[in-house]
Amino acid sequence: MKAKLTDKIATFFIVFFALLIVAVLVGLIGFILVRGLGYINWSFLTSPPQTIRAGGGIGPQLFNSLFLLVLTLIITIPLGLGAGIYMAEYAKPGKFTSAIRLVVEVLSSFPSIVIGLFGMLLIVNLLGFGFSLFSGAVVLTIFNLPLMVRITEQAFRSVPKEQKEAGLALGLSKWKIITSVLFPVALPSIVTGTVLASGRVFGEAAALLYTAGMSTPRLDFTDWNPMSPTSPINPFRPAETLAVHIWKINSEGLAPDAAQIAAGASAVLVILVLAFNLFARWIGGVLYKALTASKRMG
Amino acid sequence: MKTMDERPVQVGSARSGRFKKHHAEDLAGRSYTFICVALLIVIIISIVFFVASKGLSTFFRDGVSVSDFLFGSTWDPEGNQGDPVYGVLPFIFGSFATSLLAALIASPLSICASLFMTEIVPGWGKKLLQPVIELLAGIPSVVYGFVGLTVLVPFLRNVFPGQGIGIAAGSLVLSVMILPTITSVATDALSSLPRGLKESSFALGATRWQTISRVILPTVLPSILTGIVLGMARAFGEALAVQMVIGNAPHIPRSLFESASTLTSVITLDMGNTVMGSAHNDALWSMALALMFMTFIFVLLVRLLERRNRI
């Protein structure tokens, strides 16, 4: 009977620890939302922050985060798709391909702060872009690219072989098969992966401290000339993102309501990441239905 | 769409034209994707080159010896007590202590979570825990730092002697952050086990725990270790969440609840306050080089474990 008792005890502990993890997540999200939601209102979401007075908002930071994400995706998607397609369709097994795999693996395990420092040295200082949205977008691209390559490669590899063979039998070129046969089938999982990766980019701060900067100029939301220094859509202005802002007010915030602002901003960040997660699932299903003949997700 | 009978004459030339277009298209596509891959290689080479060239100047230009740097326990870059001293042992200690402790806390939890999903209740267990793990992975690190600072640090301050900040707080925050990494690797390994393995163990009359502890876990051990190494790599490189809760004192702490620093936390804090090209700044780059070096070691470890797993 000893074995059965041990089995019961072990099962109890496994279930206990698994539920503990659930409790940790519920506690985390609950805490963030309970602390933060009360502080979120329209003026908090739209007004600029205050340095020493209470009542500051996160308007410019929220805009910067979203705009930086858009810029990052504009650079990342073409590069990530290209490299992923190469790995899935063109790469032949051999030394070169395994070297690229190693590169992707190493690049994805670099600490984000190291990538940030590299960006500061090369893009901010040597190439002279300064602390700017553009520098931040390049660094986030480097940070995001390995994941994007992996997502694309897996998506292309999971397309049934028969589809490719049918294309080859029709005498299509390999590139034509990739763009018109494989890509539509792979697209749903690429989009899902990209949206999930966007959530990660959205919360990244360490790589941005010394590239996109820790301050935002006074933005004039009526000025839409991309070259004007106070224009929100100028990609060459410094921009503090929401995640960087949370870090900054926690470590050097002087406003009397810094703790509440941090709580509110954290809640906004977590809600957006949750939204990214839900959106990723939803859009994947929708695209799959629209682009393939199947009724359900396979 | 062009059909064949649109051009009844000059079939030969039309055909060779199509042939050329077919090849030109493929060549363009192949070149484009190759350029993207080549860019990846250029990026990694330039990261290694730039970080190394800055990081090595501490030793070549500023004349700090490698052993003084790595094993010196005094960090006084501004020379407040005489000559500036660049000993980063406290930070290396902090980085290793936090990431090892985090792995120690997170591994049993992650293994239980993946056993729960694959062995105990494969049906709703997976439905419940999979989204939980994905959400934990999705929460930004500054939010972890913020929660650590507002909940964990005051809690530790009340329960244990000390100020709450320190290695204990850092590794607890990190352990939650690396839970998803270890869990997802372990779950993948567990669910790809051949069914026969488990069934033959049950057929011999083994209980579930006997099967798990003597058949399943030994078989997937290399994969679980891979997950732990990946988690440690993430913990080692995490900057802001740790920086917010560890206290940032530049010496080796005497207890888990005393202010300490890690490589990443020092780089984060000091990089903005030093002048590019100064010896203090170079020392920070050398720490970044050390971080990069550790990344290589983690990747190497993962590779070795994967090789073992394949046999």
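Residues numbered from 1 in each chain as written. Chains lettered and ligands numbered in written order. Predicted model: local features only at pLDDT ≥ 70, side-chain atom pairs only at ≥ 80, totals over all residues. Heavy atoms only, no water.

A.B. asks: Got a sec to walk through the overall build of chain A? Specific residues and values, please.
C.D. replies: From N to C terminus, chain A includes ten helices and zero strands. Reading the secondary structure of chain A in the N-to-C direction produces α-α-α-α-α-α-α-α-α-α. Over its C-alpha atoms, taken along the principal directions, chain A stretches across nearly 70 × 70 × 40 Å. Expressed as a percentage of its 298 residues, the buried residues of chain A come to 52%. Sequence-distant contacts, at least 24 apart, represent 72% of the contacts inside chain A between residues at least 6 apart. Surface summary for chain A: the accessible area is close to 13400 Å², and the carbon and sulfur share equals 69%. Treating the 22 positive side-chain charges of chain A as one cloud and the 12 negative ones as another, the clouds have centres 9 Å apart. (Helix = DSSP H or I, 4+ residues; strand = E, 2+ residues; numbered from the N terminus. Buried < 20%, exposed > 50% of the residue type's maximum accessible area, 1.4 Å probe, protein only. Contact = heavy atoms within 4.5 Å. Areas by Shrake-Rupley, 256 points an atom, 1.4 Å probe, with all protein chains shown as cover. Lys, Arg positive; Asp, Glu negative; His and termini not counted. Charge placed at Lys NZ, Arg CZ, Asp CG, Glu CD.)

A.B. asks: Give me the UniProt feature "domain: ABC transmembrane type-1" (unreviewed entry) in chain B: which residues, what numbers.
C.D. replies: Under the local residue numbering, the UniProt record ascribes the feature "domain: ABC transmembrane type-1" (unreviewed entry) to residues 92-306 of chain B. The distance from the first to the last C-alpha atom of residues 92-306 of chain B is 27 Å, and the span holds 79% helix and 0% strand. (UniProt positions renumbered as here; feature names shortened; annotations may be inferred.)

A.B. asks: Kindly report on the packing of aromatic side chains, identifying the contributing residues and their values.
C.D. replies: Under the counting rule described, the total for this entry stands at 24 aromatic pairs over all chains. Between Phe116 of chain B and Trp124 of chain B the ring centres are 5.8 Å apart and the planes differ by 80°, which places this aromatic pair in the edge-to-face class. When its relative accessible area of 53% is taken as the criterion, Trp124 of chain B is described as exposed. By way of ring pairs, the aromatic residues Phe12, Phe13, Phe16 and Phe17 of chain A are connected into one cluster. Sitting over the face of the ring of Phe143 of chain A, Arg200 of chain A holds its NZ or CZ atom 4.4 Å from the ring centroid. (Phe/Tyr/Trp six-rings, centres within 6.5 Å; stacked < 30°, edge-to-face > 60°. Lys NZ or Arg CZ within 6 Å of the ring centre and 35° of its normal.)

A.B. asks: Any details on helix H3 (residues 59-90) of chain A? Residues and values, ideally.
C.D. replies: All names here are of chain A. Over its 32 residues, H3 extends 45 Å from the first C-alpha to the last, a length consistent with the 46 Å expected when each residue adds 1.5 Å. For H3, the principal kink sits at Thr76 and spans about 30°; a proline, Pro78, occurs within the next four residues. Across the 32 residues that make up H3, a large majority, 24, are buried. (Expected span 1.5 Å × (residues − 1). Bend = angle between axes of the 7 residues up to and from the residue.)

A.B. asks: Before we move on, can you summarise the packing of helix H9 (residues 242-252) of chain A against helix H5 (residues 141-159) of chain B with the specific residues and values?
C.D. replies: In contact at an axis separation of 9 Å, H9 of chain A and H5 of chain B are set at 25° when each is read in the N-to-C sense. Considering the angle they form, H9 of chain A stands roughly parallel to H5 of chain B. The element H9 of chain A and its partner H5 of chain B pack so that their crossing is left-handed. Across from Ala243, Ile246, Trp247 and Asn250 of chain A in H9 of chain A, the residues of H5 of chain B making contact are Val142, Phe146 and Leu149 of chain B. (Axes fitted to C-alpha atoms, helices over the stretch in contact; angles between N-to-C directions. Parallel < 35°, antiparallel > 145°, perpendicular 65-115°, else oblique. Left-handed = near helix turned anticlockwise from the far one by under 90°.)

A.B. asks: Provide a residue-level description of the interface of chain B and chain A, including the pertinent values.
C.D. replies: Across the contact, 72 residues belong to chain B and 79 residues belong to chain A. Together, the buried faces of chain B and chain A total about 6800 Å²; carbon and sulfur atoms form 82% of this surface. Counting across the chain B and chain A interface gives two salt bridges. The closest approach of N and O atoms between Arg281 of chain A and Glu134 of chain B, which form a salt bridge, is 2.3 Å. For the pair chain B and chain A, the number of links is eleven residue pairs in polar contact (both at pLDDT 80 or more). Here the side of chain B that touches chain A gets 20 residues from one element, more than from any other, and that element is helix H1 (residues 11-60) of chain B. Grouping the amino acids of the side of chain B that touches chain A by side-chain chemistry returns 51 nonpolar, 14 polar and seven charged. (Buried area = accessible area lost by both parts, 1.4 Å probe. Salt bridge = Lys/Arg side-chain N within 4 Å of Asp/Glu carboxyl O. Polar contact = N/O pair within 3.5 Å; in protein donor to acceptor, adjacent residues only side chain to side chain. Nonpolar A, V, L, I, M, F, W, Y, C, P; charged D, E, K, R; others polar.)

A.B. asks: Could you give me a rundown of the UniProt feature "transmembrane region" (unreviewed entry) in chain A, with the residues and numbers involved?
C.D. replies: Feature annotation in UniProt places "transmembrane region" (unreviewed entry) on residues 12-34, 66-88, 100-123, 129-149, 181-202 and 261-288 of chain A, given in this structure's numbering. Between the first and last C-alpha atoms of residues 100-123 of chain A the distance is 24 Å; the span itself is 92% helix and 0% strand.

A.B. asks: Explain the UniProt feature "transmembrane region" (unreviewed entry) in chain B to me, and be specific about the residues and the numbers.
C.D. replies: Residues and elements named next belong to chain B. Listed under "transmembrane region" (unreviewed entry) in the UniProt record, and renumbered for this structure, are residues 31-52, 91-116, 128-153, 165-190, 211-233 and 283-305. Split by type, residues 91-116 is 100% helix and 0% strand. Its first and last C-alpha atoms lie 37 Å apart. With 92% helix and 0% strand, the stretch residues 128-153 has end C-alpha atoms that lie 29 Å from each other.

A.B. asks: So, the nonpolar core: which residues are in play, and what are the values?
C.D. replies: Residues and elements named next belong to chain B. Grouped together as the largest cluster of nonpolar side chains are 182 residues, with contacts concentrated most on Ile47, Trp75, Leu136, Tyr144 and Met287. It is helix H3 (residues 89-120) that contributes the most residues to this core, 14 residues altogether. Residues within four places of Trp75 in sequence aside, it is in contact with Val85, Tyr86, Gly87, Val88, Phe91, Pro250, Val266, Asp270, His280, Ala283, Leu284 and Met287. (Core = buried A, V, L, I, M, F, W, Y, C linked by side-chain atoms within 4.5 Å.)

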